[in-house]
Amino acid sequence: MISKLITEIKKKNAPVVVGLDPQLSFLPKFLLDKAVAERGESLEAVSDAIYEYNKSLIDATYDLIPAVKPQVAMYEQFGISGVEAFKKTVDYAHEKGLIVIGDIKRGDIGSTSEAYAIGHIGTVTVGSKTFAPFDEDIVTVNPYLGSDGVKPFIDVCNKCDKGIFVLVKTSNPSSGEFQDKSIGDKTLYEEVADTVAAWGETSMDGDYSNVGAVVGATYPEMGIELRRRMPKSYILVPGYGAQGGKGSDLKGFFNEDGLGAIVNSSRGIIAAYKNEKYASFGEEGFADAARQATIDMIKDITEAIA
């Protein structure tokens, strides 16, 4: 799967992914009002509005970007109706030729991780028919439970040509409370990085592995060190834009071939119309604002890593 992602990154010269993380406060009022008029004040109305929002965002950006990254919690907060919007978003992104990174951050004991892996990137056979339940291409994985929580995902990657990004050094402010703790002569995040590199050798797809890593843009010095420790692992880089990361911070996340990392922006793109810089687009032009913010992001990053 990583080779497919790399092909799309090269084709569009855009090592970026748009995070489709809808919140009620991001939805343009006219979209929600329309859904409520049709479905009443209900979770079903929210689901419809979210899907229309995502669909418009995808339509405005799919020719610019290789992938989208829906964060499943933003859909689960609206119950079954929200999960339906998640699935419809995954399917529509695929219709537009995009790779879907499901930001699910799952990881549990072996049997439970196997179920998560099957549900999100694997297949289920019922009688004579086989189904891909959620059908993302790549998912994020929490390694806290160790190898028996990650190996089921790798097994599905190898069986179904899928990928994972394992949490190594996350972008949130409190990440260091655990991740920066010393274990002998290493930090915990360095130990995880070395393990990710080893796991990656079991699922190679060309020059890079289907087992990648999540490393936040908010820690550029650590990004340089982790790039060295995981030379064959693609790095998913959250924290750009609204969380403070900028293009000039990111060169060290990439390899000398100009590959090796893909940078995420969520609310900086999907809620760009609320940003003063893009306010001229107005609420009705939220998708056009997202497109312009995506163009600006791509320019910032490609110039920084050139």
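Scroll up to find the structure this text is about.
Residues numbered from 1 in each chain as written. Predicted model: local features only at pLDDT ≥ 70, side-chain atom pairs only at ≥ 80, totals over all residues. Heavy atoms only, no water.

Caption draft 1: Quick look at the packing of aromatic side chains. Overall, the coordinates contain seven aromatic pairs when judged by the stated rule. Aromatic side chains F30 and F286 sit 6.3 Å apart centroid to centroid with 50° between the ring planes, which places their arrangement in the tilted category. Separated by 256 residues along the polypeptide, F30 in helix α2 (residues 29–39) and F286 in helix α12 (residues 286–305) bring together distant segments of the chain. What makes F30 partly exposed here is its relative accessible area of 29%. Exposure remark for F286: the relative accessible area of 3% places this residue in the buried category. Plain terms: the ring middles of Y75 and F86 are 5.3 Å apart, the flat faces sit at 70° to each other, and that makes the pair edge-to-face. Taken together, the residues Y75 in helix α4 (residues 73–76) and F86 in helix α5 (residues 79–95) connect sequence positions eleven residues apart. (Phe/Tyr/Trp six-rings, centres within 6.5 Å; stacked < 30°, edge-to-face > 60°. Helix = DSSP H or I, 4+ residues; strand = E, 2+ residues; numbered from the N terminus. Buried < 20%, exposed > 50% of the residue type's maximum accessible area, 1.4 Å probe, protein only.)

Caption draft 2: Quick look at the pattern of salt bridges. Inspection of the entire model under this criterion finds 24 salt bridges. The closest approach of N and O atoms between D91 and K87, which form a salt bridge, is 3.0 Å. With D91 and K87 both in helix α5 and four residues apart, this pair spans about one turn of that helix. What makes D91 partly exposed here is its relative accessible area of 30%. Of the charged contacts, one joins E191 and K186 as a salt bridge, the two residues approaching to 3.4 Å between their closest N and O atoms. The class for E191 is partly exposed, based on a relative accessible area of 31%. Within this structure, K186, E190, E191, D194, E225, R228 and R229 form a network of salt bridges that share partners. (Salt bridge = Lys/Arg side-chain N within 4 Å of Asp/Glu carboxyl O.)

Caption draft 3: Geometry of the environment of G97. Of note, G97 is situated in the loop between α5 and β3 (99–106). Considered as a pair, G97 and E8 are 89 residues apart in the sequence and their alpha carbons are 9.4 Å apart.

Caption draft 4: A look at the packing of α2 against helix α3 (residues 43–61). Two elements in contact, α2 and α3, have axes separated by 8 Å at closest approach and are oriented at 140°. In terms of orientation, α2 lies oblique with respect to α3. Note that α2 runs across α3; the crossing there is right-handed. Packed against α2, whose contacting residues are L31, L32, A35, V36 and R39, the element α3 presents E44, A45, V46, D48, A49, E52 and Y53 at the interface. Here the contact of α2 with α3 is built from residues that sort into eight nonpolar, no polar and four charged. (Axes fitted to C-alpha atoms, helices over the stretch in contact; angles between N-to-C directions. Parallel < 35°, antiparallel > 145°, perpendicular 65-115°, else oblique. Left-handed = near helix turned anticlockwise from the far one by under 90°. Contact = heavy atoms within 4.5 Å. Nonpolar A, V, L, I, M, F, W, Y, C, P; charged D, E, K, R; others polar.)

Caption draft 5: Broad picture of a nonpolar patch on the surface. Together, I109, Y144 and L145 make up an exposed nonpolar region whose accessible area comes to about 350 Å². Mapped onto the elements, Y144 comes out in the loop between β6 (138–141) and α7 (147–160). (Patch = residues over 30% accessible without salt bridge, like charges linked within 9 Å, V, L, I, M, F, W, Y side chains within 5 Å. Areas by Shrake-Rupley, 256 points an atom, 1.4 Å probe, with all protein chains shown as cover.)

Caption draft 6: Expanded view of the pairing of strand β7 (residues 163–169). Of all seven residues that make up β7, seven are buried, and the element is covered over most of its length. Relative to β7, β6 runs parallel, the two sharing four bridges. Within the sheet, the bridge partner assigned to T140 lies in β7 and is F165. In this view, the connection linking β6 to its parallel neighbour β7 by way of α7 has right-handed handedness. (Pairing = 2+ DSSP bridges. Right-handed = clockwise from strand over helix to strand, strands pointing away.)

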